[in-house]
Amino acid sequence: MAELKLLKREYEQQQQQQQWRAASPAVPSELDKEQQQQGEESDDVICLDDSDSEPADEQQQQQYGVQQAASKARDNEYEGDELKTIEGAAESEASVAVDAAAAAIGALEIFWTGPRSNWTPSPQEWQRYEAAMGAGIDDEVLASHQRACIDLTREVLQCMREAEWLNDEVMNFYVALMQDRDTAMRGRKGALRCHFFSTFFAKSLIKNGYKSVQRWTRLAKLNQAGQVSDNVLHLDRIIMPIHEGIHWTAAMIDLKHKRFVFFDSLMGTNRQAIAALKRWVVDEAKVSA
């Protein structure tokens, strides 16, 4: 535990240095490259951020402060005996491969700041967006996903406006599209096999435990979700959005590389979610064995 706290202090110092260099990033030194390579080879849990500095505007800074405070509170809550308990749970009757992924709870967490996405909408996409945000009938259905049984009306899509809060319907619609794309890409060389849980999975798992989501991986439920595999633990990645009250994050169980990845644009952590996912992997392995 002392090593974990030391690592966190080192991370904070690194973040300060990154912020000082944000205006004119320096070319990485050989030592930086070596440290990054070592980190990529040994990471069990990675917290991935899509920005390289603190938010610029006042609203984002407030969100950043709230997120950091919440992350610190969660980390303090789950240190100590809880870590030892979960680490012991990984020593189960599950297969060796699954155990290796789930037993990472005692490992030091390495935080990795990733690059910001450079995606920009095309002129045609921007026109469609403006049309959806414009005046019209509130209950007009602008997008439908038949398998997921989701209809997005003009009123619902207003959450896509700047400074608005994304809702579950929009997030789950995107989850369904991601699953469709995964199915379409199956069989292509180099394509990863993924499963995408809806926003309700992590929420229920964290709050109520494994039994509340046990049915989610039954064959009928997987087929309903568009999954063509019959066992999610045989896939490469399991990805899910997580709603933290005023902020959306995401978590990934990277079964291919036996690690857990947490995505947060505000550089926060969520030890509670990662711990719940590690317990879920162990419990799911027992049931599906």
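Residues numbered from 1 in each chain as written. Predicted model: local features only at pLDDT ≥ 70, side-chain atom pairs only at ≥ 80, totals over all residues. Heavy atoms only, no water.

**A look at the overall build of the protein**
No. 1: The helix and strand tally for the protein stands at 11 helices and 8 strands.
No. 2: Taking all 289 residues of the protein together, the buried fraction comes to 39%.
No. 3: The contacts in the protein between residues at least 6 apart in sequence include a share of 61% that link residues at least 24 apart.
No. 4: Carbon and sulfur atoms make up 51% of the accessible area of the protein, which totals about 17,300 Å². (Helix = DSSP H or I, 4+ residues; strand = E, 2+ residues; numbered from the N terminus. Buried < 20%, exposed > 50% of the residue type's maximum accessible area, 1.4 Å probe, protein only. Contact = heavy atoms within 4.5 Å. Areas by Shrake-Rupley, 256 points an atom, 1.4 Å probe, with all protein chains shown as cover.)

**Some details on the side chain of threonine 153**
No. 1: The residue threonine 153 is located in strand β4 (residues 150–153) in this model.
No. 2: Sequence-distant contacts of threonine 153, defined by excluding residues within four places in its chain, comprise Asp138, Asp139, Glu140, Val141 and Leu142.

**Points about the packing of aromatic side chains**
No. 1: Tallied over the full model, the rule gives 6 aromatic pairs.
No. 2: Aromatic ring contacts, followed pair by pair, group Phe197, Phe201, Trp216 and Trp280 into a single cluster.
No. 3: We note lysine 221 situated over the ring of tryptophan 216; from NZ or CZ to the ring centre the distance is 5.3 Å. (Phe/Tyr/Trp six-rings, centres within 6.5 Å; stacked < 30°, edge-to-face > 60°. Lys NZ or Arg CZ within 6 Å of the ring centre and 35° of its normal.)

**Topic: the pairing of strand β6 (residues 237–243)**
No. 1: The pairing of strand β5 (residues 194–196) with β6 spans 3 bridges and is classified as parallel. Looking at the pairing, histidine 195 lines up with isoleucine 238 of β6.
No. 2: The sheet contact formed by β6 and strand β7 (residues 248–254) spans 7 bridges and is antiparallel. Bridged to arginine 237 within β7 is aspartate 254.
No. 3: The antiparallel hairpin formed by β6 and β7 contains 4 residues in its connecting segment, where glycine 245 sits at a positive phi of about 90 degrees. (Pairing = 2+ DSSP bridges.)

**What about the nonpolar core?**
No. 1: Counting 26 residues, the largest nonpolar core has Phe201, Ile238, Met240, Ile253, Leu277 and Trp280 as the members making the most contacts within it.
No. 2: Of all the secondary structure elements, the ones that give two or more residues to this core are α9 (199–208), β6, β7, β8 (259–263) and α11 (271–288).
No. 3: Per-element tally for this core: the top contributor is α11, with 7 residues.
No. 4: Counting residues in each nonpolar core, the second largest holds 9 residues, with Ile150, Leu152, Val156 and Val170 among its members. (Core = buried A, V, L, I, M, F, W, Y, C linked by side-chain atoms within 4.5 Å.)

**Details of unusual backbone geometry**
No. 1: Backbone geometry places alanine 163, a non-glycine residue, at a positive phi of 70 degrees.
No. 2: Within the secondary structure, alanine 163 is located in the loop between α7 (154–157) and α8 (168–185).
No. 3: At methionine 267, a position not held by glycine, the phi torsion is positive, near 65 degrees.
No. 4: Here methionine 267 is to be found in the loop between β8 and α11.

**A few points about the pattern of salt bridges**
No. 1: Summed over all chains, the structure comprises 5 salt bridges.
No. 2: Across the pair arginine 154 and glutamate 140 runs a salt bridge, and its minimum N-O distance is 3.0 Å. Taken together, the residues arginine 154 in helix α7 and glutamate 140 in the loop between α6 (123–133) and β3 (141–145) connect sequence positions 14 residues apart.
No. 3: Accessibility expressed as a relative area gives 8% for arginine 154, which makes it buried.
No. 4: A salt bridge links arginine 193 to aspartate 236, with the nearest nitrogen and oxygen atoms 3.4 Å apart. Of this pair, arginine 193 sits in the loop between α8 and β5 while aspartate 236 sits in the loop between α10 (219–224) and β6; the two residues are 43 residues apart in sequence, bridging distant segments of the chain. (Salt bridge = Lys/Arg side-chain N within 4 Å of Asp/Glu carboxyl O.)

**What to know about the side chain of threonine 249**
No. 1: Tracing the backbone shows threonine 249 in strand β7.
No. 2: Here threonine 249 falls in the buried class, since its relative accessible area comes to 5%.
No. 3: At a separation of 3.2 Å, a polar atom in the side chain of threonine 249 contacts the side chain of glutamate 244. (Polar contact = N/O pair within 3.5 Å; in protein donor to acceptor, adjacent residues only side chain to side chain.)

**What to know about the environment of lysine 221**
No. 1: Turning to its location among the elements, lysine 221 is positioned in helix α10.
No. 2: Note on lysine 221: relative accessible area 35%, which makes it partly exposed.
No. 3: If we skip the residues at most four places from it in the chain, lysine 221 touches Arg215 and Trp216.

**Overview of the pairing of β7**
No. 1: Counting buried positions over the 7 residues of β7 gives 7, a clear majority of the element.
No. 2: The two faces of β7 match: Trp248, Ala250, Met252 and Asp254 on one face and Thr249, Ala251 and Ile253 on the other face are all buried.
No. 3: Pairing between β7 and β8: 5 bridges, direction antiparallel. Counterpart to isoleucine 253 in the pairing with β8 is phenylalanine 260.
No. 4: The hairpin turn running from β7 into β8, its antiparallel successor, is 4 residues long, and lysine 258 in that turn takes a positive phi close to 55 degrees.

**Observations regarding the environment of methionine 171**
No. 1: Structurally, methionine 171 can be placed in helix α8.
No. 2: Owing to a relative accessible area of 18%, methionine 171 belongs among the buried residues under this scheme.
No. 3: Note: C-alpha distance between methionine 171 and proline 241 (70 residues apart in sequence) is 7.8 Å.
No. 4: Not counting residues within four places of it along the chain, the set of residues in contact with methionine 171 comprises Leu166, Thr199, Pro241 and Trp248.

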